[in-house]
Amino acid sequence: MSQLTKKALLDSFVKLLNQTSLDKITVKDIAQDCGVNRNTFYYHFKDIYSMLDEIFQAETKRVTEETKEYGSWQESFLMSTKFALENKRAIYHIYNSLSREQLEQYLYNVTDSVMISFVESAAQGMDCNHNDVLMLANFYKHAMVGLVLDWLKNGMKEDPEYVINRLGVLLDGNVKIALANGKKNPASK
């Protein structure tokens, strides 16, 4: 029963986030929408920001567990942004609130697992320097998060599936080329 109540509170929070900005949502609003009292809210959560953190942690865990199931980084990335795409207004409201940093951290965490998995997969059989693999994954992580943040800043007008798939076409083979270049020119420290 307790987990059902917690899920209902989280669902009410996301519903309200899709309707109004994060900074205008109160514990009272969430409790009323869910049909519980404020004490029930505080039994499960410290505050609204802890709810947001819980949502982002659950989504990060989901993506990390599912990442290896997909055939391409594009597919993984699109699945990792499933929550954001299904709740565009909520994400936009978070982006335009004081919790932007939590959103950015979530994006970095999710993209990190996707890109590390992708670059490690491309590096199989290449006898690459592990630091090069991590550096390349980090580069792609920052590039992808930057694109998402620009997309949010510009009002989420572009179709993200088109952009991600087009990037896949443009960048096809670049990871293997970069890793091969790293083998030809080993780092010296």
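Residues numbered from 1 in each chain as written. Predicted model: local features only at pLDDT ≥ 70, side-chain atom pairs only at ≥ 80, totals over all residues. Heavy atoms only, no water.

## Some remarks on the side chain of K6
Right, on to step 1. By secondary structure assignment, the location of K6 is in helix α1 (residues 2-17).
Right, on to step 2. Owing to a relative accessible area of 18%, K6 belongs among the buried residues under this scheme.
Right, on to step 3. In this structure, K6 is in contact with H44, F45 and E54, ignoring residues within four places of it in sequence. (Helix = DSSP H or I, 4+ residues; strand = E, 2+ residues; numbered from the N terminus. Buried < 20%, exposed > 50% of the residue type's maximum accessible area, 1.4 Å probe, protein only. Contact = heavy atoms within 4.5 Å.)

## Quick notes on the environment of H93
Right, on to step 1. Tracing the chain through its elements places H93 in helix α7 (residues 88-95).
Right, on to step 2. Sequence separation between H93 and Q19 is 74 residues; the distance between their C-alpha atoms is 8.9 Å.
Right, on to step 3. In contact with H93, other than residues within four places in its own chain, are L17, N18, Q19, T20, S21 and L22.
Right, on to step 4. Here T20 takes part through its backbone oxygen, which lies 2.9 Å from a polar atom of the side chain of H93. (Polar contact = N/O pair within 3.5 Å; in protein donor to acceptor, adjacent residues only side chain to side chain.)

## Some words on the confidence of the model for the protein chain
Right, on to step 1. In the predicted model, the protein chain carries a mean pLDDT of 85, and the fraction of residues at 70 or more is 95%.
Right, on to step 2. Taken element by element, the predicted model of the protein chain shows its lowest mean pLDDT in helix α5 (residues 73-80) (76) and its highest in helix α2 (residues 27-34) (95). (pLDDT = per-residue confidence, 0-100.)

## Thoughts on the pattern of salt bridges
Right, on to step 1. All chains considered together, the criterion is met by 4 salt bridges.
Right, on to step 2. One salt bridge connects D11 with K7, and the closest N-O pair in it is separated by 2.9 Å. Of the two residues, D11 and K7 are both situated in helix α1; the distance of 4 residues between them amounts to about one turn of the helix.
Right, on to step 3. In this structure, K15 engages D33 in a salt bridge whose closest nitrogen and oxygen atoms are separated by 2.8 Å. Of this pair, K15 sits in helix α1 while D33 sits in helix α2, and the two are 18 residues apart along the sequence.
Right, on to step 4. Residue K15 is classed as partly exposed on the basis of its relative accessible area, which comes to 40%.
Right, on to step 5. Overall, D33 belongs to the partly exposed group, its relative accessible area being 29%. (Salt bridge = Lys/Arg side-chain N within 4 Å of Asp/Glu carboxyl O.)

## Some thoughts on the nonpolar core
Right, on to step 1. Counting 54 residues, the largest nonpolar core has F13, I30, L103, L152 and L179 as the members making the most contacts within it.
Right, on to step 2. For this core, the leading source of residues is helix α9 (residues 130-153), giving 10 residues.
Right, on to step 3. Excluding residues that lie within four positions of it along the chain, I30 makes contacts with L9, S12, F13, L16, I25, F41, I48 and M51. (Core = buried A, V, L, I, M, F, W, Y, C linked by side-chain atoms within 4.5 Å.)

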